[in-house]
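# Summary of the model geometry
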Amino acid sequence: MSSPGMREASSHLQLCRIMLPDDANIMGNVHGGIILKMIEEAGSIVGTRHCNTQNGDRCLAALVRVEKTEFLSPVFIGEVVHVSAEITYTSKHSLEVQVKVIAENILTGAKKLANKAALWYVPCSLQNVDKIMEVPPIKYVSAEQEEEGRKRYEAQKIERLETKARVEEAMPARPNPERYTVGFSQSTLIHLVGPSDCTRDDFVYGGVAMKLMDEVAGIVAARHCNTNIVTASVDAINFHRKIRKGCVLTVTGRLTFVSNRSMEIEVLVDADPLVEKEKGKYRAISAFFTFISLDKENKPLNVPPLKIEGEYEQRRFEEGKSRYLQNKAKRLAEKERQQ
């Protein structure tokens, strides 16, 4: 029997909605940012519900990291997207939510796995947003399941610290850049954070920020290829600092690496408080998006090579190539494991 003032924990959640024209590009492919936003909404709900099953300050689950997310199948206008979220690990001050996205053709009944993602949240007190609350533990099926979760927790913790220490500056674009260079496709979006972008305590929803990031990355990819493009995957998204209502966001995307069939785009989000100017501009979020180019039948096209200018771009290209080869090796290993 539960204690007074306590609610039963629910570690599962499912959301669904039909995809509309506003959710897609001109070719009918649903934007990756729309899917990311739905993934984060599901994670935020299940995380916040779980963290408020204990006594004490009411709190809100704040997104701090999204692990590498693969876009396994394209989603189209008219399909119904089912997003299921489950809490799979809890530490003292954080929780992991794993999310699956199923796209359903309601005319034929056919279903396909569109996305899988893992998100990490921390519970922030509504009385003091800088106060991190403790997370109620979940029950594990086995000790092995708990140990696997602990390993994932330790790995993401190390990677978050490494990413925070490696802050890249948003480089200004060169005047009159040549086609297929980094400067030619580099793009920036300016967004004023309003009430509709925020939680009840006036901080930006993680899904809102990810949608903006995907939009900028999509513009970069389209400018480089001049074709239909879609999000193929997103490397870990790290949320370094909270973003308040009233901040001006500068979302910058630039190509870092191009293979025969894919483009890696680094996206940086800087926040500049309009009212509290003494705090100054700061790096809020960073991530790498991977896009592919498609023909009219949604089949992959070759990507134009990237023209490298200078040592800095060469270094970033080699780093991107290393990530590309690592991810390719992981996919092959996973494919072999499943066979």
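The written sequence of each chain sets the order in which its residues are numbered from 1. Where local features are concerned, this predicted model is filtered to residues with pLDDT of at least 70; where side-chain atom pairs are given and counted, the filter is 80 or more; whole-chain, interface and lining totals use all residues. Excluding hydrogens and water, the side-chain values take into account all heavy atoms of the structure.

## What to know about the overall build of the chain
Counting from the N terminus, the helices are DSSP H or I runs at least four residues long and the strands are E runs at least two residues long. Helix and strand counts for the chain come out as five helices and 13 strands. Expressed along its principal axes, the backbone C-alpha trace of the chain runs to roughly 65 × 55 × 40 Å. The buried label applies to any residue whose accessible area, calculated with a 1.4 Å probe on protein chains only, is under 20% of its type's maximum; exposed applies above 50%, and partly exposed to all values in between. Burial analysis of the chain (339 residues in total) assigns 49% to the buried set. By sequence separation, contacts in the chain at least 24 residues apart represent 74% of the contacts at least 6 residues apart. To be clear on the numbers: accessible area is Shrake-Rupley with a 1.4 Å probe, and residue cover counts the displayed protein chains and nothing else. Working note: accessible area of the chain is about 17,500 Å², and carbon and sulfur atoms make up 53% of it. Contact criterion: two residues are considered in contact whenever any of their non-hydrogen atoms come within 4.5 Å of each other.

## Thoughts on the state of the cysteines
For this text, the term disulfide refers to a pair of cysteine sulfurs within 2.5 Å. For the structure on display, the rule yields zero disulfides. As a non-bridged cysteine, Cys51 has Cys59 as the owner of its nearest cysteine sulfur, 4.9 Å distant. The class for Cys51 is buried, based on a relative accessible area of 1%.

## Things to note about the layout of surface pockets
Two kinds of site are reported from a 1 Å grid over the protein atoms alone, namely cavities, where a 1.4 Å probe fits but cannot get out, and pockets, open sets with protein on both sides within 12 Å along at least five of seven lines, and residues are called lining when an atom falls within 4 Å of a point. Grid points are joined across faces, edges and corners, and a volume is the space filled by probe spheres set on the points. There is about 760 Å³ of room inside the second largest pocket. Surrounding the second largest pocket, 34 residues form its lining, Ala62, Leu63, Val64, Val122 and Phe239 being those nearest its centre. Of all the secondary structure elements, the ones that give two or more residues to the lining of the second largest pocket are helix H1 (32-51), strand S2 (59-66), strand S6 (111-125), helix H2 (143-165), helix H4 (206-225) and strand S9 (237-239). It is H2 that contributes the most residues to the lining of the second largest pocket, six residues altogether. We call Asp, Glu, Lys and Arg charged. Ala, Val, Leu, Ile, Met, Phe, Trp, Tyr, Cys and Pro are nonpolar, and the rest, Gly among them, are polar. Residues belonging to the lining of the second largest pocket are distributed by class as follows: 18 nonpolar, nine polar and seven charged.

## Here's the deal with the pairing of strand S10 (residues 247-258)
For S10, the buried fraction is high: 11 of the 12 residues fall into the buried class. Each pair of strands is called paired provided DSSP finds at least two bridges between the two strands. Here strand S7 (residues 187-192) pairs with S10 via six bridges, running antiparallel. Bridge pairing in S10 links Leu192 to Val248. As paired elements, S10 and strand S11 (residues 263-273) share 11 bridges and run antiparallel to each other.

## Some words on the nonpolar core
Side-chain atoms within 4.5 Å are what join buried Ala, Val, Leu, Ile, Met, Phe, Trp, Tyr and Cys residues into a set we call a nonpolar core. Ranked by internal contacts, the top residues of the largest apolar core, which has 80 residues, are Met213, Ile237, Ile243, Val251, Met263, Ile285 and Phe289. Take this core: its biggest share by element is 10 residues, from H4.

## Some thoughts on the confidence of the model for the chain
What pLDDT expresses is the predictor's confidence in each residue, scored from 0 to 100. Averaged over all residues, the pLDDT of the chain is 90; the fraction at 70 or higher stands at 94%. Of all the helices and strands in the chain, H2 carries the lowest mean pLDDT, 87, while strand S5 (residues 95-104) carries the highest, 97. Note on residues 1-9: pLDDT under 50 across the span, and 12 contacts to partners over four residues away in sequence or across chains.

## What about the pattern of salt bridges?
In the sections that follow, a salt bridge refers to a side-chain nitrogen of Lys or Arg positioned within 4 Å of a carboxyl oxygen of Asp or Glu. Inspection of every chain in the model, using the stated rule, returns 21 salt bridges. Among the salt bridges present, the one from Lys151 reaches Glu148, with a minimum N-O distance of 3.9 Å. Highlighted residues: Lys151 and Glu148, both in helix H2, separated by three residues, approximately one helical turn. Assessed through its relative accessible area of 45%, Lys151 is described here as partly exposed. Look at Glu148 and you get partly exposed, because its relative accessible area is 43%.

## A look at the packing of H1 against H4
A pair of packed helices is characterised by two quantities: the angle between their axes and the separation of those axes. Axis lines are fitted to C-alpha atoms, over the contacting stretch for helices. Their N-to-C directions set the angle, which ranges from 0 to 180 degrees. The N-to-C vectors of H1 and H4 enclose an angle of 165 degrees; their axes lie 8 Å apart at closest approach. Classed by the angle they form, the pair H1 and H4 counts as roughly antiparallel. Helix-helix and strand crossings are classified by hand; for H1 and H4 the assignment is right-handed. Across the interface between the two elements, Gly32, Gly33, Ile34, Leu36, Lys37 and Glu40 from H1 touch Gly206, Gly207, Val208, Met210, Lys211 and Asp214 from H4. Here the residues of the contact of H1 with H4 sort into four nonpolar, four polar and four charged. Any angle that falls under 35 degrees is termed roughly parallel, while one over 145 is termed roughly antiparallel, one within 65 to 115 roughly perpendicular, and all others oblique. Handedness of each helix crossing follows the sense of rotation of the near helix against the far helix: counterclockwise by less than a right angle gives left-handed, clockwise gives right-handed.

## With respect to the environment of Val204
With respect to the helices and strands, the residue Val204 is situated in the loop between S7 and H4. When the C-alpha positions of Val204 and Lys242 are compared, they lie 7.4 Å apart, and in sequence the two are 38 residues distant. Not counting the four nearest positions on each side in its chain, Val204 is found in contact with Val193, Asp197, Cys198, Ala209 and Ile243.

## A word on the packing of aromatic side chains
Classification of ring pairs rests on two measures: the distance between centres of Phe, Tyr or Trp rings, Trp counted by its six-membered ring, which must be within 6.5 Å, and the angle between planes, read as stacked under 30 degrees, edge-to-face over 60 and tilted in between. With the rule as written, the count across this model stands at six aromatic pairs. Considering the side-chain rings of Phe257 and Phe317, the 4.9 Å spacing of their centres and the 55 degrees angle between planes classify their relative orientation as tilted. Taken as a pair, Phe257 in strand S10 and Phe317 in helix H5 (residues 310-338) lie far apart in primary sequence, 60 residues in all. Residue classification places Phe317 among the buried positions, given a relative accessible area of 16%.

## Some details on the environment of Leu161
Within the fold, Leu161 resides in helix H2. C-alpha of Leu161 to C-alpha of Asn238: the two residues are 77 residues apart in sequence and 9.7 Å apart in space.

## Remarks on the side chain of Gln156
Tracing the sequence through the fold places Gln156 in helix H2. Whenever a nitrogen or oxygen atom comes within 3.5 Å of another N or O atom, the pair is scored as a polar contact, on the condition that within protein one atom can donate a hydrogen and the other can accept it, and that pairs from neighbouring residues in sequence are kept only if both atoms are in side chains. Within the structure, the side chain of Gln156 is placed 3.1 Å from the backbone oxygen of Tyr153, a separation counted as a polar contact. Among residues more than four places away in sequence, those in contact with Gln156 are Arg65, Glu67 and Trp120.

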